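The primary structure of each chain is shown beneath.
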Amino acid sequence: SSDLIGGRVFMVAVEQDVTERLAVQEQLQLQARVLESMAEAVLMIDEKGTIMLTNPAADAMLGYEQGELPGRPLRAVLNYDSEQYRRGLEKSIAQVKLQGSAARGYKAQRKDGTIIEVETRSSPVVIGGQLFIVVVGQDITQRTEAERALARKEELYRTLFELSPDGILLEDIHGNILDANQALCRSFGCAREAVVGQNVSRFVPPEHQAEVETHLAALRAGKELRHDVWNVRKNGERCLMWLNEKPLPLPDGH
């Protein structure tokens, strides 16, 4: 500003050190760029559950345009009724305050109404004396569906395995028994617990022991075997069994 004093013009300059403020602004800008670059969804909510900010990954995960979510209540994207939401929010905030972080799974609702499963971890942050909760999450819907499908397949496998009228034995490349169904256990006259963990040689007569390693070597070489073998039941009785043996490569390469 300028003033006229005694016919002369004087300039008045007021200075303020803004170094710290600029440093804070630069830090905030850096943090904003970090949030924008994160592949995981990030939301910040206040203690009332109002969404304060989101990053592009969160907007994309929930199907909203940038800037649509801030100002809305978190329950707008959670698949819960108001009372469930209130109790869950209070519990989550209390847990974050007490432990400093919390991990939890949620059912979220995208803008188009699609329900997705989200895995989150939450941490507290204090800004200007006010507590906020930063929620970092990712859509695990496909992973969860794959796990459920695998569980169904495993259940089906176990059912077929146990209901098979033929004896089925699963062993490693050294002949150690990993699994056996009820039909096989009945043939040996043993409970499953007495079969699993044993080596197949345990059920072969002494004079046929050398054949065990010969057969295992052939299987390790990738050959399939169809042959008769003598076995010994728990009571010492010998029985002749026809075996159809083949190597089974697993997804992990074993």
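Residues numbered from 1 in each chain as written. Predicted model: local features only at pLDDT ≥ 70, side-chain atom pairs only at ≥ 80, totals over all residues. Heavy atoms only, no water.

All right, on to the overall build of the protein chain then. On a plain count of helices and strands, the protein chain comes out with seven helices and eleven strands. The contacts of the protein chain with a sequence gap of at least 6 include a subset with a gap of at least 24, amounting to 34%. For the protein chain, the accessible area works out to roughly 17,100 Å², and carbon and sulfur atoms hold 54% of it. (Helix = DSSP H or I, 4+ residues; strand = E, 2+ residues; numbered from the N terminus. Contact = heavy atoms within 4.5 Å. Areas by Shrake-Rupley, 256 points an atom, 1.4 Å probe, with all protein chains shown as cover.)

Moving on, we come to the pairing of strand S4 (residues 51-54). In this structure, strand S3 (residues 41-46) lies alongside S4, joined through three bridges in antiparallel fashion. When the bridges of S4 are listed, Met 44 appears paired with Leu 53. Counted along the chain from S3 to the antiparallel partner S4, the turn is four residues long, and its residue Gly 49 has a positive phi close to 90 degrees. (Pairing = 2+ DSSP bridges.)

Under the 1.5 Å per step criterion, the end-to-end length of helix H7 (residues 209-220) is 17 Å for twelve residues, consistent within 8% with the ideal 16 Å. For H7, the set of buried residues is Val 212, His 215, Leu 216, Ala 218 and Leu 219. For H7, the arc enclosing every buried residue in end-on projection is 160 degrees, short of the 170-degree limit, so these residues lie on one face. Turned more than 90 degrees from where H7 packs its buried face, Ala 210 and Thr 214 sit exposed. (Expected span 1.5 Å × (residues − 1). Buried < 20%, exposed > 50% of the residue type's maximum accessible area, 1.4 Å probe, protein only. Arc of directions from axis to C-beta.)

In this structure, the largest pocket encloses a volume near 1,300 Å³. Going through the elements one at a time, helix H4 (141-163), strand S8 (169-171), helix H5 (182-188), H7, strand S10 (225-232) and strand S11 (238-245) are the ones with two or more residues in the lining of the largest pocket. The element best represented in the lining of the largest pocket is H7, accounting for six residues. Of the residues that constitute the lining of the largest pocket, the class distribution is 24 nonpolar, eight polar and seven charged. (1 Å grid on protein atoms, 1.4 Å probe; cavity = no way out; pocket = protein on both sides within 12 Å on 5 of 7 lines; lining within 4 Å. Points joined across faces, edges and corners; volume = space filled by probe spheres on them. Nonpolar A, V, L, I, M, F, W, Y, C, P; charged D, E, K, R; others polar.)

This paragraph deals with the sheet that holds S4. One open sheet accounts for five strands, arranged S4-S3-S7-S6-S5; its pairing is antiparallel. What marks the edges here is a single partner per strand, and that holds for S4 and strand S5 (102-109). Strand-to-strand twist across the sheet, computed as the mean angle between neighbouring axes with direction ignored, equals 30 degrees. Bridge analysis of strand S6 (residues 115-127) against strand S7 (residues 130-139) gives ten bridges, and the strand direction is antiparallel. Among the inter-strand pairings, Ser 122 is bridged to a residue of S7, identified as Val 135. Strand contacts of H4: S6 and S7, with the helix running at about 130 degrees to S6, the strand carrying the most contacts. (Axes fitted to C-alpha atoms, helices over the stretch in contact; angles between N-to-C directions.)

Moving on: the packing of aromatic side chains. Overall, the coordinates contain two aromatic pairs when judged by the stated rule. On the numbers, 5.4 Å between centres and 35 degrees between planes, the contact of Tyr 157 with Phe 161 is tilted. You can see Tyr 157 and its partner Phe 161 sitting in helix H4, four residues apart, about one turn around the helix. A cation over a ring is seen here: Arg 202 above Phe 203, with NZ or CZ 5.2 Å from the ring centre. (Phe/Tyr/Trp six-rings, centres within 6.5 Å; stacked < 30°, edge-to-face > 60°. Lys NZ or Arg CZ within 6 Å of the ring centre and 35° of its normal.)

As a further point, take the pattern of salt bridges. Enumeration according to the criterion identifies 14 salt bridges in this entry. Of the charged contacts, one joins Lys 111 and Glu 68 as a salt bridge, the two residues approaching to 2.8 Å between their closest N and O atoms. A residue pair is termed long-range when its members are at least 10 positions apart, and Lys 111 in the loop between S5 and S6 and Glu 68 in the loop between helix H2 (56-62) and helix H3 (82-99) qualify at 43 residues. A salt bridge links Arg 192 to Asp 179; the nearest nitrogen and oxygen atoms lie 2.5 Å apart. Separated by 13 residues along the polypeptide, Arg 192 in helix H6 (residues 192-195) and Asp 179 in strand S9 (residues 177-180) bring together distant segments of the chain. By relative accessible area, which is 6% here, Asp 179 ends up buried. Here the salt bridges do not stand alone but share partners, grouping Arg 158, Glu 162, Asp 179 and Arg 192 into one network. (Salt bridge = Lys/Arg side-chain N within 4 Å of Asp/Glu carboxyl O.)

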